Structures are given as C-alpha cells and as structure tokens.
Amino acid sequence: MTLAAPPHEEALSVTWRPDWPLDVRRVLSRDRRGTGDPTLRYAEDGVWRTMSSAEGPATVRLRTVPDGIRVDAWGPGAAAVLPLVPAWLGAEDDPSGFPAEAHPLVARVHRSTPWLRLGRTGRVWDALLPAVLEQKVTGLEAHRTFRELLRLAGDPAPGPAPAGMRVVPSAERVLAVTDWQWHACGLDGARRRALRAVASVASRLEATALDDCADLRRRLQSVPGIGVWTAAEVAQRAVGCPDSVSVGDYHLKNLVGWSLAGRKTDDAGMLELLEPFRGHRQRVVRLLEVGGSMPPKRGPRMAPTDYRRH
C-alpha cells in the first residue's frame with residue numbers, strides 16, 4: 001500500500017486571539033502519542049497537526065505571533081478543520097464553577113496553570129483509533145503500533161508538513177488491512193477485533209452538535225471491545241468532556257490516590273477522592289498530570305510486548 005504525498009497548495013489562514021494565557025504545546029501535549037507521533041509534531045516553525053474530516057484530510061500549523069495564534073491549514077479538509085482549531089485549544093471549555101479549593105494541591109496547581117483548558121477536536125475517529133491501540137498495553141507499545149499503522153495506511157499530510165507526518169487512515173482503509181499486515185504492525189488479536197468493530201460503524205459514532213459526553217460514551221460502549229476506559233479517553237478528546245474519568249487505567253488511580261491522599265488506591269477509591277469535584281473530575285486529572293505525584297517505584301517497569309515475534 002504505497003501512498004504519494006499530494007502537491008502543496010495555498011494555505012487557508014486565520015489569526016485568532018485567545019482571552020487567556022494559552023500555551024499551545026502544553027495544551028496539545030496530551031494528544032501527542034510519543035515524540036514520534038506522525039499526527040502531531042513540535043517544530044521550530046510551529047506546532048503541526050493532522051486531522052481527518054468529512055471533506056478529507058487536513059494539515060494545520062499553529063504559531064504564536066504578536067497579535068495571537070496564526071493558524072494555517074492545507075488539504076481537502078482545510079476549510080472544515082480551520083474553524084475548529086480554537087476548540088482544540090480550549091476556547092469552548094468553561095472552567096467556571098470548578099471547586100478547586102476542595103483540595104489544597106488542586107487549588108495550588110490550578111492557580112499556577114492558567115493556560116490549561118480542555119480542548120475538543122469534534123472528531124471521534126481520530127481519537128478512537130489510537131485509544132483502541134492503547135488498550136491494556138504499555139504506552140511504548142501502543143505508540144509503536146500507531147506509527148507502524150499510519151506508515152502503512154495513513155494518508156500523507158497535505159501541505160508542507162514535516163517529513164513523515166500522516167493523517168489517521170480512514171475506517172475503510174483500516175478494514176482493508178490484512179492479517180499479516182496487522183501482525184507486522186505488532187497488533188494482537190483482541191485489539192485488532194475491537195478496531196475492526198469500530199471501523200465497521202465509524203460513521204455512526206462521529207460526534208454531533210447535540211452530543212453530550214454521556215451519550216457519546218454510551219454509543220461507544222455499544223460496540224464490542226469498547227469499554228469504559230476507551231470511551232472515556234475518546235470523550236475527553238473528541239468532545240472535551242470535563243468529567244469523564246478513565247476508570248481502569250493502570251496508572252491513573254495511583255496518581256490520584258498519591259496526590260490527593262498520600263496513598264495508593266483502586267478505581268473505587270479514586271472515584272471517591274474525585275467526588276468533591278464531580279462535573280470537573282477530568283479537569284482535576286489534567287491538573288494532577290501537571291502538578292501531582294506518583295508513589296515511589298519499587299519494582300521493575302512493565303515491559304512492552306512485541307507481538308510481531310509471536
């Protein structure tokens with residue numbers, strides 16, 4: 001499957017001024033799947049990101065300029081994606097009513113991170129594909145498989161993007177990947193079946209203006225292989241859900257437990273500690289990812305599995 005890069009066309013451009021002290025790289029960092037992520041790159045000339053759309057793929061470059069954030073977009077999907085960029089960066093997030101003072105650490109980190117807003121891309125598929133790849137494996141393993149899949153089946157990034165950038169493959173292209181190609185990408189059978197299941201109904205899973213977080217999570221969890229964790233990860237990114245907690249995450253419960261109570265805990269204990277922040281529990285998680293702490297490591301790290309050797 002050989003994909004040629006499209007010729008460069010003229011960019012669509014706009015300059016947007018946020019009304020808070022935005023840090024583009026830090027806000028988008030949670031969507032970055034490792035330093036080699038082919039969909040999100042930090043470069044000297046700006047932050048580059050690819051995105052799919054109903055009109056086709058797009059590449060976006062974001063640069064801080066004296067009068068705001070300069071946004072340039074290329075590709076068939078440029079006109080569709082360009083108006084969504086402020087929402088990526090948190091323009092539609094509403095932190096009012098956040099009870100940060102319910103815990104001194106949360107209050108302190110909240111005051112020190114005025115740049116932190118919860119973004120929403122509006123694209124379920126772009127968040128769902130990598131989330132499925134991240135099910136029950138190490139981050140290193142998931143990131144490697146993501147890179148391999150996009151190298152195999154992803155569209156080359158439109159416009160003058162940094163070398164190697166790709167757009168997530170369409171659901172149709174994912175369904176066309178053969179078993180031996182999946183094996184070469186390092187994907188095990190369970191995740192392969194889940195990815196094929198969501199690809200089969202991808203168009204029905206896309207977010208609409210009427211979607212709320214709970215409705216999107218319910219629709220996602222109706223697909224075989226998509227559980228609470230995956231649905232929450234997608235809702236956080238696609239619709240900017242401020243309250244979705246990734247229950248079942250290997251590390252998150254201990255980040256929350258150690259940061260808020262000085263002890264390890266389980267998922268039930270994590271939710272109990274987050275209860276005072278209901279409505280903004282994901283906002284607390286993001287703050288703890290910035291300024292919280294994990295318990296001391298006393299054992300070997302979980303080693304990634306290379307399924308290509310099996």
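Residues numbered from 1 in each chain as written. Predicted model: local features only at pLDDT ≥ 70, side-chain atom pairs only at ≥ 80, totals over all residues. Heavy atoms only, no water.

Caption draft 1: Representation of the layout of surface pockets in the model. There is about 290 Å³ of room inside the second largest pocket. Around the second largest pocket, the lining is made up of 21 residues, and of these Arg123, Trp125, Ser170, Ala171 and Glu172 lie nearest the centre. At the level of secondary structure, the elements contributing two or more residues to the lining of the second largest pocket comprise α7 (171–176), α9 (189–200) and α10 (202–205). When residues of the lining of the second largest pocket are assigned to their parent elements, the largest contribution, three residues, is made by α7. Across the lining of the second largest pocket, the residue classes tally to 11 nonpolar, six polar and four charged. (1 Å grid on protein atoms, 1.4 Å probe; cavity = no way out; pocket = protein on both sides within 12 Å on 5 of 7 lines; lining within 4 Å. Points joined across faces, edges and corners; volume = space filled by probe spheres on them. Helix = DSSP H or I, 4+ residues; strand = E, 2+ residues; numbered from the N terminus. Nonpolar A, V, L, I, M, F, W, Y, C, P; charged D, E, K, R; others polar.)

Caption draft 2: Spotlight on the confidence of the model for the protein chain. Across the protein chain, the average pLDDT comes to 92, with 92% of residues at or above 70. In this model residues 1–5 is a low-confidence stretch, pLDDT under 50, and it forms 10 contacts with partners more than four residues away in sequence or in other chains. (pLDDT = per-residue confidence, 0-100. Contact = heavy atoms within 4.5 Å.)

Caption draft 3: Fine view of the pairing of strand β5 (residues 68–74). In terms of burial, β5 is largely enclosed, as six of its seven residues are buried. Sheet analysis places strand β1 (residues 12–16) next to β5, joined by five bridges and oriented antiparallel. In the strand pairing of β5, Trp16 is matched with Ile69. Here seven bridges tie strand β4 (residues 58–65) to β5, and the two strands are oriented antiparallel to one another. (Buried < 20%, exposed > 50% of the residue type's maximum accessible area, 1.4 Å probe, protein only. Pairing = 2+ DSSP bridges.)

Caption draft 4: Structural context of the sheet that holds β4. Pairing is antiparallel in the open sheet, where five strands are placed in the order β1-β5-β4-β3-β2. The sheet terminates laterally at β1 and β2 (40–43), the two strands that pair on one side only. On average, each strand axis in the sheet is inclined to that of its neighbour by 20°, with strand direction left out of account. (Axes fitted to C-alpha atoms, helices over the stretch in contact; angles between N-to-C directions.)

Caption draft 5: Here's a closer look at the packing of aromatic side chains. Within this structure, the stated rule accounts for three aromatic pairs. Seen from their ring centres, Trp48 and Trp74 are 5.5 Å apart, and the 15° between their planes marks the pair as stacked. Taken together, the residues span a long stretch of sequence, with Trp48 in strand β3 (residues 46–51) and Trp74 in strand β5 at a distance of 26 residues. Here Trp48 matches Trp74 in class, with each residue buried. Across from the ring centre of Trp20, 4.3 Å away, lies the NZ or CZ of Arg117, which sits over that ring. Its guanidinium or amino end placed over the ring of Tyr250, Lys253 lies 5.7 Å from that ring's centre, counting from NZ or CZ. (Phe/Tyr/Trp six-rings, centres within 6.5 Å; stacked < 30°, edge-to-face > 60°. Lys NZ or Arg CZ within 6 Å of the ring centre and 35° of its normal.)

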